[in-house]
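The residues making up each chain are set out below.
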Amino acid sequence: MPRMTAARAAVEILEREGVEVAFGVPGAAINPFYAALKTHGGIRHTLARHVEGASHMAEGYTRARPGNIGVCIGTSGPAGTDMITGLYSATGDSVPILCITGQAPTAVLHKEDFQAVDIAAVAGPVTKKATTVLEAAQVPGVFQQAFHLMRSGRPGPVLIDLPIDVQQTEIEFDPETYQPLPVYKPAASRAQIEKALGYLLAAERPLIVAGGGVINADAADLLVEFAEITGTPVVPTLMGWGAIPDDHRLNAGMVGLQTSHRYGNATFLESDFVLGIGNRWANRHTGYKLDVYRRGRTFVHVDVEPTQIGRIFPPDYGITSDARAALALFVEVARELKAAGRLPDREEWIAAHLERKATLQRRTHFDDIPMKPQRVYEEMNRAFGPETRYVTTIGLSQIAGAQLLHVHRPRHWINCGQAGPLGWTVPAALGVAVADPDAPVVALSGDYDFQFMIEELAVGAQHRIPYVHVLVNNAYLGLIRQAQIGLDMDFQVNLEFENLNSPEIGVYGVDHVKVAEGLGCKAIRVTDPAELGAAFEQAQKLAAEARVPVVVEAVLERITNIAMSTTADISDVREFEELATAPGHAPTAIIPLR
């Protein structure tokens, strides 16, 4: 039997489980693992500037392509605690990433040794499993189980903590005969699918709500086929956006308190049956007034995680199943029903939703200086095509982007939906760009999100990872300011100051252009909306030529309110700006305004 260090065995397993890329920061307690990475040579490593950044890079890498599992590596103590936010984010959005940390020697774990923290206990609530390996011979089994857990059922992250002496201990391990464990995915039965379709057939105005589970299961093709066979309009959730193209006649728009379309909410409120697939009825989608969301509707819920069924509200019927397995059966049975002439004609219902899509629109075309954010997204729609992978996390920038941008493919809206940590966007965009270096990647941030982990731009400069970062800057915590309106205050949310070193930017404070350039990137500042299109074109050229991140800063009006409900009710969304009443008001809308 071959002998090798436990660290080398771990690296061999990573390769055999399909890992090609890792993100991390070395340190004393993880250096034996890094030595094994160097000796092995088969896994590319991207050096982050912050260990939390490495965890978000791993997230972006996983989210970009089916089958990817991002790996983030850090040393003992604060490196692990820094990555907790990434693990929480991955857990909330069902994203498998593997976090590997170094640890103090096993003999001193109970002695409060330098940087010895019980990271497995800290990480336990935000992972599928977190383990400190105390016996070197267990390392292969722990890594084998980690990949099995990450891929099985509801996907999610795992943390493996390796004391330095465990990493260095030699064990018997034969990598040539290593086999990954079989992946477990629950699958619906035909009887369950037939019963669910019975509810669909009985409805007059049905909808499908497609969640992130459809994306995770790589089942968008089956979703679209099932919707087309049955003539059922589809509401993608924020995490499911891209599962059906925005310009598909059956895309009914998004629903919710914030990241929703006017026509999406209106169509949902007219529906009488909802089939949820791979979704979890998140409160930003349903609103907190579940009586409004549920009233007059029958619900069937399909989810890979059995404890999700009934967690938010009891459906009329629930099915525990992987989205792809369920949709394959939905398509099979629907084809049979169509051949037998048993599917109802839904053209009147489809026509009604398309009429709403063509009339209930928000205005995007404003010529104001300082510019309104809506104009930024209008110009982004013009400049960036359907192959663009958008990356964003939280704030008014993300909410307005979800209301106004267009997404046509799965995994082309890469969004941190549940945790929403500020600072996520820069490192996640780098991870996406590493995963798919041939696709145009466009990140979207407000000024505060951008500043949280701005140092990670240097990672893109060092490793030549090009992407375009659209920064909408109003020197405000815009979403928090808007949330404070109901409390009649505007407190501790303004970021403006007069920068003594950049008087030309007035009260907008941080000179993002100088900072980006100082970190080795390119940057363009735009103050006139008429110049946005040219700036986006130039940014794409600079990214391709210089092979570094390129920041386009759009200087916005200081105060902007984006449409959202102030009463936690999807039937009561407040429109703060004037609406589109002529085609020129929303020139990049999916359907020209009627």
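Before any of the text, the structure's been laid out above.
What counts, and where the lines are drawn
- Residues numbered from 1 in each chain as written.
- Predicted model: local features only at pLDDT ≥ 70, side-chain atom pairs only at ≥ 80, totals over all residues.
- Heavy atoms only, no water.
- Pairing = 2+ DSSP bridges.
- Helix = DSSP H or I, 4+ residues; strand = E, 2+ residues; numbered from the N terminus.
- Axes fitted to C-alpha atoms, helices over the stretch in contact; angles between N-to-C directions.
- Contact = heavy atoms within 4.5 Å.
- Core = buried A, V, L, I, M, F, W, Y, C linked by side-chain atoms within 4.5 Å.
- Buried < 20%, exposed > 50% of the residue type's maximum accessible area, 1.4 Å probe, protein only.
- Polar contact = N/O pair within 3.5 Å; in protein donor to acceptor, adjacent residues only side chain to side chain.

Novice: Residues and numbers for the sheet that holds strand 5 (residues 97–103), please.
Specialist: Pairing within the open sheet is parallel, and its six strands lie in the order 3-2-4-5-7-6. Of all strands in the sheet, those with a lone pairing partner are strand 3 (44–47) and strand 6 (129–132), marking the two edges. When strand polarity is set aside, the average angle formed by the axes of neighbouring strands in this sheet is 20°. In this sheet, strand 7 (residues 158–163) lies alongside strand 6 in parallel orientation, the contact comprising four bridges. Counterpart to Lys129 in the pairing with strand 7 is Val158. Sitting on the sheet, helix 3 (residues 51–64) is in contact with strand 2 (21–24), strand 4 (70–74) and strand 5, with an inclination near 170° to strand 4.

Novice: How would you sum up the nonpolar core? Please name residues and give values.
Specialist: Within the largest apolar cluster, 50 residues are counted, with the highest numbers of intra-cluster contacts made by Phe23, Leu87, Val391, Leu457 and Tyr467. Ranked by residues supplied to this core, first place goes to helix 19 (residues 425–435) with eight residues. When sequence neighbours within four positions are dropped, the list of residues in contact with Phe23 reads His45, Thr46, Ala54, Met57, Ala58, Tyr61, Val71, Cys72, Ile73, Gly431 and Val434. Ranked by size, the runner-up nonpolar core spans 44 residues in total, among them Val224, Ala323, Phe330 and Leu337.

Novice: Could you give an account of the side chain of Asn68, with specific residues and numbers?
Specialist: For Asn68, the position within the fold is in the loop between helix 3 and strand 4. Overall, the relative accessible area of 16% leaves Asn68 in the buried class. Only 2.9 Å separates the side chain of Asn68 from the backbone oxygen of Tyr61, close enough to count as a polar contact. Once residues within four sequence positions are removed from consideration, Asn68 is found in contact with Tyr61, Thr62, Pro96 and Ala435.

Novice: Can you break down the sheet that holds strand 14 (residues 389–392) residue by residue, with the values?
Specialist: Strands sit in the order 15-14-16-17-19-18 across an open sheet of six strands; the sheet is parallel. Only two strands of the sheet have a single partner each, and these edge strands are strand 15 (413–415) and strand 18 (522–526). Direction aside, the axes of adjacent strands within the sheet are offset by 20° on average. Helix-sheet contacts for helix 19 involve strand 14, strand 15, strand 16 (441–446) and strand 17 (468–473), and the interaxial angle to strand 16 is about 175°.

Novice: Describe helix 5 (residues 84–92), and please don't skip the residues or the numbers.
Specialist: Taken as a whole, helix 5 has its buried residues at Ile84, Gly86, Leu87, Ser89, Ala90 and Gly92. For helix 5, the secondary structure elements touched by its buried residues are helix 3, helix 4 (78–82), strand 5, helix 6 (119–123) and strand 7. Looking one or two residues beyond helix 5, the residue adopting positive phi is Ser94, at roughly 60°.

Novice: Describe the pairing of strand 12 (residues 298–303), listing the residues and the values that go with them.
Specialist: When you tally the buried positions in strand 12, you get five out of six residues, the bulk of the element. Here strand 11 (residues 273–277) pairs with strand 12 via five bridges, running parallel. Directly across from Leu275, in strand 12, lies its bridge partner Val300. Relative to strand 13 (residues 317–320), strand 12 runs parallel, the two sharing four bridges. Within strand 13, the position partnered with His301 by the bridge is Gly318.

Nothing here speaks to function; it is geometry throughout.
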